[in-house]
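In case you want the letters, here they are:
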Amino acid sequence: MNIYVGNLNYRVKEGDLQQVMEDYGAVSSVKVIMDRETGKSKGFAFIEMEDDAAAAKAIAELNGAEYMGRTMVVKEARPKA
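Residues numbered from 1 in each chain as written. Predicted model: local features only at pLDDT ≥ 70, side-chain atom pairs only at ≥ 80, totals over all residues. Heavy atoms only, no water.

(A) Examining the sheet that holds strand β1 (residues 2-6) more closely. Taken together, four strands build an open sheet; the order of strands is β2-β3-β1-β6 and the sheet is antiparallel. Pairing within the sheet leaves two strands with one partner each, and these edge strands are β2 (27-34) and β6 (73-76). Taken over all neighbouring pairs, the strand axes of this sheet differ in orientation by 20 degrees on average, direction set aside. Of the pairings in the sheet, the one linking β2 to strand β3 (residues 41-49) comprises six bridges and is antiparallel in character. Bridge pairing in β3 places Val-27 opposite Met-49. Against the sheet, helix α1 (residues 14-21) makes contact with β1, β2 and β3, and its axis sits at roughly 140 degrees relative to β2, the strand it touches most. Against the sheet, helix α2 (residues 52-62) makes contact with β1, β3 and β6, and its axis sits at roughly 150 degrees relative to β6, the strand it touches most. (Pairing = 2+ DSSP bridges. Helix = DSSP H or I, 4+ residues; strand = E, 2+ residues; numbered from the N terminus. Axes fitted to C-alpha atoms, helices over the stretch in contact; angles between N-to-C directions. Contact = heavy atoms within 4.5 Å.)

(B) Summary view of the packing of aromatic side chains. Tallied over the entire structure, the rule returns three aromatic pairs. Relative to Phe-46, the ring of Phe-44 lies with its centre 6.0 Å away and its plane at 90 degrees, an arrangement referred to as edge-to-face. Here the aromatic residues Tyr-4, Phe-44 and Phe-46 are joined through ring pairs into a cluster of three or more. The residue whose ring lies beneath Arg-70 is Tyr-10, and the NZ or CZ to ring-centre distance is 5.7 Å. (Phe/Tyr/Trp six-rings, centres within 6.5 Å; stacked < 30°, edge-to-face > 60°. Lys NZ or Arg CZ within 6 Å of the ring centre and 35° of its normal.)

(C) Structural context of unusual backbone geometry. Unlike most non-glycine residues, Asn-7 shows phi in positive territory, near 60 degrees. Positive phi, close to 50 degrees, is recorded for Met-68, a residue that is not glycine. Here Met-68 is to be found in the loop between β4 (66-67) and β5 (70-71). Take Met-68: its relative accessible area is 35%, and that puts it in the partly exposed class. (Buried < 20%, exposed > 50% of the residue type's maximum accessible area, 1.4 Å probe, protein only.)

(D) Quick peek at the pattern of salt bridges. Tallied over the full model, the rule gives one salt bridge. We note a salt bridge from Lys-57 to Glu-61, for which the minimum N-O separation is 3.9 Å. Taken together, the residues span about one helical turn, with Lys-57 and Glu-61 both in helix α2 at a distance of four residues. Assessed through its relative accessible area of 47%, Lys-57 is described here as partly exposed. Here Glu-61 falls in the partly exposed class, since its relative accessible area comes to 44%. (Salt bridge = Lys/Arg side-chain N within 4 Å of Asp/Glu carboxyl O.)

As structure tokens, then:
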């Protein structure tokens, strides 16, 4: 399952998110989206997890949770239109 994580602190790194998500199950990939011009984080990321049940549990428990001073938005990512 592909998971969207938004409202992230701009200092959050891919390794930080991977550690948080691995508490719920195996993580295939973590991609923090960066601004092309500045090279700084845009404050959101996509995480791929193989086990849909583990991903659903992570979404349920982490949506609205505080991480590095910000309240995260965690939900299933929608495919590009």
